[in-house]
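For reference, the chains in residue letters:
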Amino acid sequence: MPAGGRRMSRKVGLSANSSQFTLEGEPFRIIGGSIHYFRVPRAYWRDRLMKMKACGINTLTTYVPWNLHQPERGVFNFHTQLDLVAYINLAAELGLWVILRPGPYISSELDLGGLPSWLLRDGGMRLRTTYPGFTLAVNAFFDKFIPKVVPLQFKKGGPIIAVQVDNEYGSFAKDESYMLFIKEALQSRGISELLFTSDNHNTLKSGGVDGAIRSVKLQKLNQRDIQDLNSLQPNSPTMVMDYWTGWYDVWGDLHHVLPPEDMVSTVREMLRRGMSVNLYMFHGGTSFGFMSGALADPSYKALVPSYDYDAPLSEAGEYTLKYHLLRDLLCRFNKGESFLDMPVLHYREAYEPAIMYQHLSLWDALSFTEGPFKSSKPVSMENLPVNNKNGQSYGYTLYETTITSGGLLKSGDNVRDRALVFVDRSYIGLFKRQSLELAVPDGKGRRTLSLLVENCGRVHKGRDLDKQHKGLVGDILLNNIPLQDFTIYSLDMKPSFIDSLYQAPWKALPEAPSFPGFFLGRLFAYGYPSDTFVKLPGWGKGVVFVNGLNLGRFWSIGPQQTLYLPGPFLNSGINQVIVFEEQEGDYKVHFEDTPDLGMAADIQ
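Parameters at a glance
- Residues numbered from 1 in each chain as written.
- Predicted model: local features only at pLDDT ≥ 70, side-chain atom pairs only at ≥ 80, totals over all residues.
- Heavy atoms only, no water.
- Helix = DSSP H or I, 4+ residues; strand = E, 2+ residues; numbered from the N terminus.
- Rg over C-alpha atoms; globule rule 2.2 N^0.38 Å.
- Buried < 20%, exposed > 50% of the residue type's maximum accessible area, 1.4 Å probe, protein only.
- Contact = heavy atoms within 4.5 Å.
- Areas by Shrake-Rupley, 256 points an atom, 1.4 Å probe, with all protein chains shown as cover.
- Arc of directions from axis to C-beta.
- Pairing = 2+ DSSP bridges.
- UniProt positions renumbered as here; feature names shortened; annotations may be inferred.
- Phe/Tyr/Trp six-rings, centres within 6.5 Å; stacked < 30°, edge-to-face > 60°.
- Lys NZ or Arg CZ within 6 Å of the ring centre and 35° of its normal.
- pLDDT = per-residue confidence, 0-100.
- Salt bridge = Lys/Arg side-chain N within 4 Å of Asp/Glu carboxyl O.
- Axes fitted to C-alpha atoms, helices over the stretch in contact; angles between N-to-C directions.
- Parallel < 35°, antiparallel > 145°, perpendicular 65-115°, else oblique.
- Left-handed = near helix turned anticlockwise from the far one by under 90°.
- Nonpolar A, V, L, I, M, F, W, Y, C, P; charged D, E, K, R; others polar.

### Some remarks on the overall build of the protein
Part 1 of the reasoning: Of the regular secondary structure elements, the protein holds eleven helices and 36 strands.
Part 2 of the reasoning: For the protein, whose C-alpha radius of gyration is 25 Å, the value lies close to the compact-globule estimate of 25 Å for 604 residues.
Part 3 of the reasoning: Its C-alpha atoms give the protein principal-axis dimensions of about 80 × 55 × 40 Å.
Part 4 of the reasoning: Taken over 604 residues, the protein has a buried fraction of 61%.
Part 5 of the reasoning: Long-range pairs, those at least 24 residues apart, make up 78% of the contacts in the protein between residues at least 6 apart in sequence.
Part 6 of the reasoning: With an accessible surface of roughly 22900 Å², the protein has 51% of that area assigned to carbon and sulfur atoms.

Now the structure itself:
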């Protein structure tokens, strides 16, 4: 029996032929919420979806990240954490309808907006257009992926009632035939449910495509925006595909929040006007690993790993004031229809600190990387001959060359995005996007100049997607002469690399360990492990790995001060904690039972 308990004939599906949606001919209001399977530990999928259902939400929406599902050309991953079919089936089991948003571009604050970085190996690549190199790649992905979700559509007995065509194309709009190509790519492979497009109010016109319902994204309900949408498609239901319940955070800024009463009054007003709405996010979760994107305008800023989003369910699945207010509102809206009981919360633990007792310098870890590679000129991360010739997607890249004098080193803005600079493995300074010059001390004879370059995240939106190469993207000048003859190491810090460090020559932690380096400690969890939050006071900037899983970056500048560590990532007993730290360490890692996302500021 589907949601609502009524047996449906499943012939017509979701339709938009009048001022309101109908599902199988009956009036239907979409009250949706976004939860991304790739941002929630699989062990918690059921918990998060049940909490959403208990709040009165009837439809789950999720994006599909192409870059995670196809890490290399010809290599696809749809299992474990990325088992989308299991996720959609779980939604059906819990009585939720599904709106699928398969992209191929999704934005979602992900690196390159969810597009795979190996696309950038093509020197002429024009992303999000009908450029043959792009359409070929999209078709190869859709050939693999769309057949998995076709049987899960409403008319075939599944929960998928609608599918979104790409995302926010109106703000990009470089190719008039692009949206038609994506629409046909979906339909020719068997997608037959209602199609949506989704854009900000000011780009609605250029983002649509014939045969798809336009929907809008917003945080404040502005009468004019809704009129614009209705005049573009009269006699159609109004759908707010993304009502932003909060916002994301960038490094070096404050933690963004939206007051609960603002959110609830806006949702109340939408319901009063007969609109359908999807809450983005209902539960944000976490951009684990190097998943996070970045902003280009007005200057480059990288996103933090927490995707808490100030959503009704917190990053760790806790109920917030927003949740309770929303549940009350939807209870009244559904005229006393009984809701599921709210699932009980998970216990959270402040574990004993992990004392770092072993150390491995970056230089001693290089023999465990793929490479090294020789090149007369610098090569960007994406163009390195690693990962079966798919290039390097994430992490750090080390460029080394020989110098015979000191002088002025100029980056010419070719460092993407940050580089620690060393002479004979002694730190001499930092290049970031704004700092373009650095003094190299004089010395005798041949010395090794090293640049450890970090990809802090590719931008997730905007018109510069094609220009997101990372590493060294051009010449570095010493006394106005381009450096040459590089030895390049790829430090993408994939699980296989972290696992291989078991064989590395770790040493007992010295009095003054060298940086950058890896630090190893143990977390003891007794019985059934609980959720906890990693806190690193006294550390500078780096990455935390627990049992080989990359929890994400930390950086003392904040706002985010804790990393979410879900209980299912822990073993009962001993857990291995590895911290990669660039410049300064405290030698112990703390675990707290509450998150610290930094000083909060209302969204402007």
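Now that the structure is up, let's keep going.
### Considerations on helix 3 (residues 84–93)
Part 1 of the reasoning: Residues of helix 3 that are buried include every one of Leu84, Tyr87, Ile88, Leu90 and Ala91, and no others. The buried residues of helix 3 occupy an angular sector of 155° when projected down its axis, which confines them to one face.
Part 2 of the reasoning: Check the buried side of helix 3 and you find it contacts strand 4 (31–35), helix 1 (45–54), strand 5 (59–63), strand 6 (97–101), helix 4 (132–149) and strand 7 (160–164).
Part 3 of the reasoning: Directly beyond the C-terminal end of helix 3, a positive phi value near 80° is found at glycine 95.

### With respect to the pairing of strand 35 (residues 588–592)
Part 1 of the reasoning: Covered by surrounding structure in strand 35 are Val589 and Phe591 only, the residues Lys588, His590 and Glu592 on the alternate face being uncovered.
Part 2 of the reasoning: Here two bridges tie strand 15 (residues 354–361) to strand 35, and the two strands are oriented antiparallel to one another. Considered in strand 35, the bridge of isoleucine 355 is made with lysine 588.

### Topic: the sheet that holds strand 22 (residues 437–440)
Part 1 of the reasoning: A sheet is described by the order of its strands in space; here four strands give the open sequence 22-18-25-26, paired in antiparallel fashion. At either end of the open sheet lies a strand with only one pairing partner, and these are strand 22 and strand 26 (481–482).
Part 2 of the reasoning: Pairing geometry for strand 25 (residues 477–478) and strand 26, over two bridges, is antiparallel. Residue leucine 477 lies in a different strand from strand 26, and its bridge partner there is proline 482.

### Focus on the UniProt feature "domain: Beta-galactosidase 1-like first all-beta" (unreviewed entry) in the protein
Part 1 of the reasoning: Under the UniProt annotation, "domain: Beta-galactosidase 1-like first all-beta" (unreviewed entry) lies at residues 391–492.
Part 2 of the reasoning: End-to-end, the C-alpha atoms of residues 391–492 are 10 Å apart, and along that stretch the chain is 0% helix and 52% strand.

### Quick notes on unusual backbone geometry
Part 1 of the reasoning: With an omega dihedral of 20°, the bond running from glycine 103 to proline 104 counts as a cis peptide bond.
Part 2 of the reasoning: Among the secondary structure elements, proline 104 is positioned in the loop between strand 6 and helix 4.
Part 3 of the reasoning: Notably, aspartate 413 is not glycine yet its phi reads approximately 60°, a positive angle.
Part 4 of the reasoning: By relative accessible area, which is 31% here, aspartate 413 ends up partly exposed.

### Comments concerning the packing of aromatic side chains
Remark: the centre distance and the inter-plane angle together describe each pair of aromatic rings, the angle taken between the planes.
Part 1 of the reasoning: Counted by the stated rule, this structure contains 36 aromatic pairs.
Part 2 of the reasoning: On the numbers, 5.2 Å between centres and 80° between planes, the contact of tryptophan 244 with tryptophan 247 is edge-to-face.
Part 3 of the reasoning: Members of the aromatic cluster, joined through ring pairs, are Trp66, Phe78, Trp118, Phe134, Phe141, Phe142, Phe145, Tyr169, Phe172 and Tyr178.
Part 4 of the reasoning: Over the ring of tyrosine 319 we find lysine 51; its NZ or CZ atom is 5.5 Å from the centre of that ring.
Part 5 of the reasoning: Stacked on the ring of phenylalanine 172, the Lys or Arg arginine 128 has its end atom at 4.8 Å from the ring centre.

### Describing the confidence of the model for the protein
Part 1 of the reasoning: Of all residues in the protein, 99% attain a pLDDT of 70 or more, and the chain-wide mean is 96.
Part 2 of the reasoning: Low confidence marks residues 1–5, where pLDDT is under 50. Its contacts with residues over four positions away, or in another chain, come to eight contacts.

### Details of the pairing of strand 27 (residues 486–491)
Part 1 of the reasoning: Counting buried residues in strand 27 gives six out of six residues, a clear majority hidden from the surface.
Part 2 of the reasoning: Alignment of strand 16 (residues 370–375) against strand 27, held across four bridges, turns out to be antiparallel. Each residue of the ladder has a partner; that of glutamate 370, found in strand 27, is serine 490.
Part 3 of the reasoning: One ladder, built from five bridges, connects strand 17 (residues 395–403) with strand 27; its direction is antiparallel. Bridge assignment links glutamate 400 to a residue of strand 27, and that residue is threonine 487.

### As for the UniProt feature "domain: Glycoside hydrolase 35 catalytic" (unreviewed entry) in the protein
Part 1 of the reasoning: Within the UniProt annotation, "domain: Glycoside hydrolase 35 catalytic" (unreviewed entry) is assigned to residues 20–330.
Part 2 of the reasoning: Between the C-alpha atoms that bound residues 20–330 there is a distance of 19 Å. The span itself is 29% helix and 19% strand.

### Thoughts on the environment of proline 568
Part 1 of the reasoning: In this fold, proline 568 is placed in the loop between strand 33 (562–565) and strand 34 (573–581).
Part 2 of the reasoning: Residue proline 568 is classed as partly exposed on the basis of its relative accessible area of 37%.
Part 3 of the reasoning: In contact with proline 568, not counting residues within four places along its chain, are Ala43, Tyr44 and Asp531.

### Some thoughts on the sheet that holds strand 3 (residues 26–27)
Part 1 of the reasoning: As summarised here, the arrangement of the three strands in space is 1-2-3, forming an open sheet in which the pairing is antiparallel. Each edge of the sheet is formed by a strand with only one pairing partner; in this case those strands are strand 1 (14–15) and strand 3.
Part 2 of the reasoning: Note that strand 2 (residues 22–23) and strand 3 share two bridges and pair antiparallel. Bridging from a neighbouring strand, threonine 22 pairs with proline 27 of strand 3.

### Here we look at the pattern of salt bridges
Part 1 of the reasoning: Considering all chains together, one arrives at 28 salt bridges under this definition.
Part 2 of the reasoning: Across the pair glutamate 168 and lysine 217 runs a salt bridge, and its minimum N-O distance is 2.9 Å. Residue glutamate 168 is found in the loop between strand 7 and helix 5 (178–187), and its partner lysine 217 is found in strand 9 (residues 213–218); the two are separated by 49 residues along the sequence.
Part 3 of the reasoning: Classification of glutamate 168 by relative accessible area gives buried; the value is 12%.
Part 4 of the reasoning: Through salt bridges with shared partners, one network takes in Arg418, Glu454, Lys541, Arg553 and Glu582.

### Topic: the packing of helix 4 against helix 5
Part 1 of the reasoning: Close contact between helix 4 and helix 5 brings their axes to 10 Å; oriented N to C, the two are set at 25°. Relative to helix 5, the element helix 4 lies roughly parallel. For the element pair helix 4 and helix 5, the recorded crossing hand is right-handed. Along the contact surface, helix 4 presents Phe134, Thr135, Val138, Asn139, Phe142 and Ile146, while helix 5 presents Tyr178, Phe181, Ile182, Ala185 and Leu186.
Part 2 of the reasoning: Of the residues assigned to the contact of helix 4 with helix 5, the class counts are nine nonpolar, two polar and no charged.

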